Amino acid sequence: MASSLTKDSPSSGEKTFFGHPRGLATLFMTEMWERFSYYGMRALLPLYLIAPGGLDMNAGTATAIYSVYLSLVYLLAMPGGWFGDRVWGPRKTVAIAGGVIMLGHLTLALPSEGTFFAGLGLVAIGSGLLKSNISTMVGHLYDGPEDPRRDGGFTIFYMGINMGAFAAPLVIGTVGENVNWHLGFALAALGMGLGVVQFLIGTRHLNERSLVVPKPLSKDERAATLRKSMIWLGVAAVFYIGTVVTGVYTLNWLLVPITIAGLVIPVMVLTRIKRDKELSASEQSKMTGYIWFFVAAAIFWMIYDQGGSTLSIFAESSAENSVFGWDFPVSWYQSVNPVLIMALAPVFAAFWLALNRRGKEPSTIVKFSSGLVLVGASFFVFLMPLTIAGDGHKAAAMWLVAIYFIQTVAELTLSPVGLSVTTKMAPEKYASQMMGVWFLAVTAGDCTTGLLSLAGVGLNGTGVVALEATLAVAAGIAIFMYRGKVKQLMGEVR
């Protein structure tokens, strides 16, 4: 599969993938199929949870489950990276992760509520294992950070993400909504299965470093880690068995602890890094500045990720899901963002470069604050279809497309900048861990949404939507107003 996308290199005669190492084709296709399975299942998830033919839950519970699931995927990216660094190595970790994800989707395909939640857990675990390690292997293909092909390689790799994300709702969503929910989940398993097969066939093109465990656990560390893991697993098992036996168990016994952990863990991680006495004064200052960006990012993702839950549930009940008289499945809205990303990302890259040549490129702080204001503006726009639906009418599909468009522009303004500023402001001691810290901002945002839903807050109410929009805009303005102080904390980082 990968070889069909390669071409001959004019200089060496060796086959390349658009001028890049052939291993990039293997990783490109693996990531594309993994995203195909992930985004297809994600597009179906909230709709299946509220459907009479699905689990027939209320919108609040469905939003909470969806938010907790997303938060777990990003929360588990940190231990996923740890496994790659200390236990299995990146290549073995990705292979195992793909198998776990496929098993998770197959479990989702079984018509049972118990197996459904087990499947969600398996997909979250597998995605966390894969997320950190596959990007590491892309980096292994190049001769260090200075290799001129490196940035282009990651650009091609991320195109695979969006290709999979675009196609998934159109295929899996259509089958799931119009034919059978569980057949849709089974298609997601098939997609991941193709990705795993393709990965195993193409591993011969990967760099040998992907087989290496960078910092393997010593015998004592392995025993201690296993012992602690078994203790915590035992405590959890005893606790939940106890709630079931006594008859007090409800779904909230599972969801509430996860949402609280998703808020507490980021605070604990940031506090631990900030209090590290080995950090220099400059690194301490940068971490203080980074906390501003982290909190702002959590607010951003809290709103942005509701595109798959709050907006999707609204579309199911209150939108006219048709264009020129042609009806389409609700899950198709989830293809809008990836296709816009593919269309607009090159435009943004060229735009920033053109401004940079003229010495007018906005600073990191200005880009970040603009992203927050824009994502807040998207929810101000959301008030219009909410008002229309409140009057007893169906809102036009283009209202939702407009919201996704604004959120995509906001994402392109904030997300790449967030990744960049994370690497630039990371203390040397925590350089490899800080990308996981950035993912924790997503966890915190999604867990906030989940906790609000569990508390009975109606996230599709005009008052709550207006409050969230105002919070995001206010946070963006606050960062801009205090940009002088934040710049001072950032030191030489711009």
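Rules of the game
- Residues numbered from 1 in each chain as written.
- Predicted model: local features only at pLDDT ≥ 70, side-chain atom pairs only at ≥ 80, totals over all residues.
- Heavy atoms only, no water.
- Helix = DSSP H or I, 4+ residues; strand = E, 2+ residues; numbered from the N terminus.
- Rg over C-alpha atoms; globule rule 2.2 N^0.38 Å.
- Buried < 20%, exposed > 50% of the residue type's maximum accessible area, 1.4 Å probe, protein only.
- Areas by Shrake-Rupley, 256 points an atom, 1.4 Å probe, with all protein chains shown as cover.
- Lys, Arg positive; Asp, Glu negative; His and termini not counted.
- Charge placed at Lys NZ, Arg CZ, Asp CG, Glu CD.
- Axes fitted to C-alpha atoms, helices over the stretch in contact; angles between N-to-C directions.
- Parallel < 35°, antiparallel > 145°, perpendicular 65-115°, else oblique.
- Left-handed = near helix turned anticlockwise from the far one by under 90°.
- Contact = heavy atoms within 4.5 Å.
- Nonpolar A, V, L, I, M, F, W, Y, C, P; charged D, E, K, R; others polar.
- Expected span 1.5 Å × (residues − 1).
- Bend = angle between axes of the 7 residues up to and from the residue.
- Phe/Tyr/Trp six-rings, centres within 6.5 Å; stacked < 30°, edge-to-face > 60°.
- Lys NZ or Arg CZ within 6 Å of the ring centre and 35° of its normal.
- Salt bridge = Lys/Arg side-chain N within 4 Å of Asp/Glu carboxyl O.
- Polar contact = N/O pair within 3.5 Å; in protein donor to acceptor, adjacent residues only side chain to side chain.
- Patch = residues over 30% accessible without salt bridge, like charges linked within 9 Å, V, L, I, M, F, W, Y side chains within 5 Å.
- pLDDT = per-residue confidence, 0-100.
- Core = buried A, V, L, I, M, F, W, Y, C linked by side-chain atoms within 4.5 Å.

**Some points on the overall build of the protein chain**
So, point 1. Counting its regular elements, the protein chain contains 17 helices and six strands.
So, point 2. Its C-alpha radius of gyration of 23 Å places the protein chain within 12% of the 23 Å reference for a compact globule of 494 residues.
So, point 3. Each principal axis of the C-alpha distribution contributes one length, and for the protein chain these read about 65 × 55 × 50 Å.
So, point 4. The 494 residues of the protein chain split such that 51% are buried.
So, point 5. For the protein chain, the accessible area works out to roughly 21,900 Å², and carbon and sulfur atoms hold 66% of it.
So, point 6. Looking at charge distribution, the protein chain has the averaged site of its 34 positive side-chain charges lying 8 Å from that of its 29 negative ones.

**Quick look at the packing of helix α2 (residues 59-75) against helix α9 (residues 252-274)**
So, point 1. Contact geometry of α2 with α9 gives a least axis separation of 10 Å together with a crossing angle of 45°. Here α2 is positioned oblique relative to α9, judged by the angle of their axes. α9 is crossed by α2, and the crossing has left-handed handedness. Contacts between α2 and α9 involve A64, I65, V68, L72 and L75 on the former and, on the latter, L255, I258, T259 and I265.
So, point 2. Tallied by class, the residues present in the contact of α2 with α9 amount to eight nonpolar, one polar and no charged.

**Here we look at helix α6 (residues 150-178)**
So, point 1. Its 29 residues place the ends of α6 42 Å apart at the C-alpha level, agreeing with the 42 Å of an ideal helix rising 1.5 Å per residue.
So, point 2. In the structure, α6 departs most strongly from a straight axis at A168, where the bend amounts to approximately 35° and where the proline P169 lies between one and four residues downstream.

**Overview of the environment of L49**
So, point 1. Examined against the element boundaries, L49 turns out to sit in helix α1 (residues 23-50).
So, point 2. A C-alpha to C-alpha distance of 8.3 Å links L49 and A59, two positions ten residues apart in sequence.
So, point 3. If sequence neighbours within four positions are ignored, L49 has contacts with L55, D56, M57, A62, I65 and F116.

**Here's the deal with the packing of aromatic side chains**
So, point 1. Throughout the structure, instances matching the rule amount to 31 aromatic pairs.
So, point 2. Ring geometry for F239 and Y240: centres 5.0 Å apart, planes at 85°, overall edge-to-face.
So, point 3. Given a relative accessible area of 39%, F239 falls into the partly exposed group.
So, point 4. By relative accessible area, Y240 is classed as partly exposed at 24%.
So, point 5. An angle of 55° between the planes, with centres 5.4 Å apart, marks the rings of W326 and W332 as tilted.
So, point 6. An aromatic cluster of at least three residues, connected via ring pairs, comprises Y48, F116, F117, W181 and F185.
So, point 7. In this arrangement the basic side chain of K367 is found over the ring face of W352, its NZ or CZ atom lying 4.4 Å from the centre.

**Side note on the pattern of salt bridges**
So, point 1. All told, the structure shown has three salt bridges when counted by the stated rule.
So, point 2. In this structure, R35 engages E34 in a salt bridge whose closest nitrogen and oxygen atoms are separated by 2.6 Å.
So, point 3. Taking the relative accessible area as the measure of exposure, R35 reaches 5% and is therefore buried.
So, point 4. In this structure, R86 and E221 form a salt bridge, with 3.0 Å as the shortest nitrogen-oxygen distance. Linking R86 in helix α3 (residues 77-86) with E221 in helix α8 (residues 219-245), this pair joins segments that are 135 residues apart in sequence.
So, point 5. Look at E221 and you get partly exposed, because its relative accessible area is 33%.

**Some remarks on helix α7 (residues 181-202)**
So, point 1. The terminal C-alpha atoms of α7, which comprises 22 residues, lie 32 Å apart, in line with the 32 Å expected from a rise of 1.5 Å per residue.
So, point 2. Here α7 starts with a cap whose side-chain oxygen sits 2.8 Å from the backbone nitrogen of H182, and that cap is N180.

**Let's talk about unusual backbone geometry**
Backbone geometry follows two general trends: most residues other than glycine have a negative phi, and most peptide bonds adopt the trans configuration.
So, point 1. Positive phi is not limited to glycine here, since D56 has a value of about 55°.
So, point 2. Tracing the backbone through its elements, the reader meets D56 in the loop between α1 and α2.
So, point 3. The exposure class assigned to D56 is exposed, which follows from its relative accessible area of 53%.
So, point 4. Phi is positive for F324, close to 55°, though the residue is something other than glycine.
So, point 5. Residue position: F324 is located in the loop between β4 (322-323) and β5 (326-327).

**Notes on a nonpolar patch on the surface**
So, point 1. On the surface, F239, V244, V248, Y249, W253 and L254 cluster together into a nonpolar patch covering about 500 Å² of accessible area.
So, point 2. Counting only elements with at least two residues in the nonpolar patch, the list comes to α8 and α9.
So, point 3. Since its relative accessible area comes to 31%, L254 is described here as partly exposed.

**Focus on the packing of helix α12 (residues 336-357) against helix α14 (residues 397-425)**
So, point 1. Following both chains from N to C, one finds α12 and α14 inclined at 45°, their axes separated by 10 Å at the closest point. Classified by the angle between their axes, α12 and α14 sit oblique to one another. By crossing handedness, the relation of α12 to α14 is classed as right-handed. Where α12 approaches α14, its residues V336, N337, L340, I341, L344, A345 and F348 are matched on the opposing element by Y404, F405, T408, V409, E411, L412 and T413.
So, point 2. In terms of residue class, the contact of α12 with α14 is made up of ten nonpolar, three polar and one charged.

**Quick look at the side chain of H20**
So, point 1. As for its position among the elements, H20 is in the loop between β2 (15-16) and α1.
So, point 2. Overall, the relative accessible area of 8% leaves H20 in the buried class.
So, point 3. Sequence-distant contacts of H20, that is, excluding residues within four places in its chain, are made with Y142, R149, G152, G153 and I156.

**Digging into the confidence of the model for the protein chain**
So, point 1. On average, residues of the protein chain score 89 in pLDDT, and 95% of them reach the 70 mark or higher.
So, point 2. Within the model, pLDDT remains below 50 along residues 1-12, and this stretch shows 24 contacts once partners closer than five positions in the same chain are excluded.

**What to know about the nonpolar core**
So, point 1. Counting residues in hydrophobic clusters, the biggest one holds 131 residues, and the most contacted among them are Y69, F116 and Y290.
So, point 2. In terms of residues, this core owes the most to one element, α1, which gives 17 residues.

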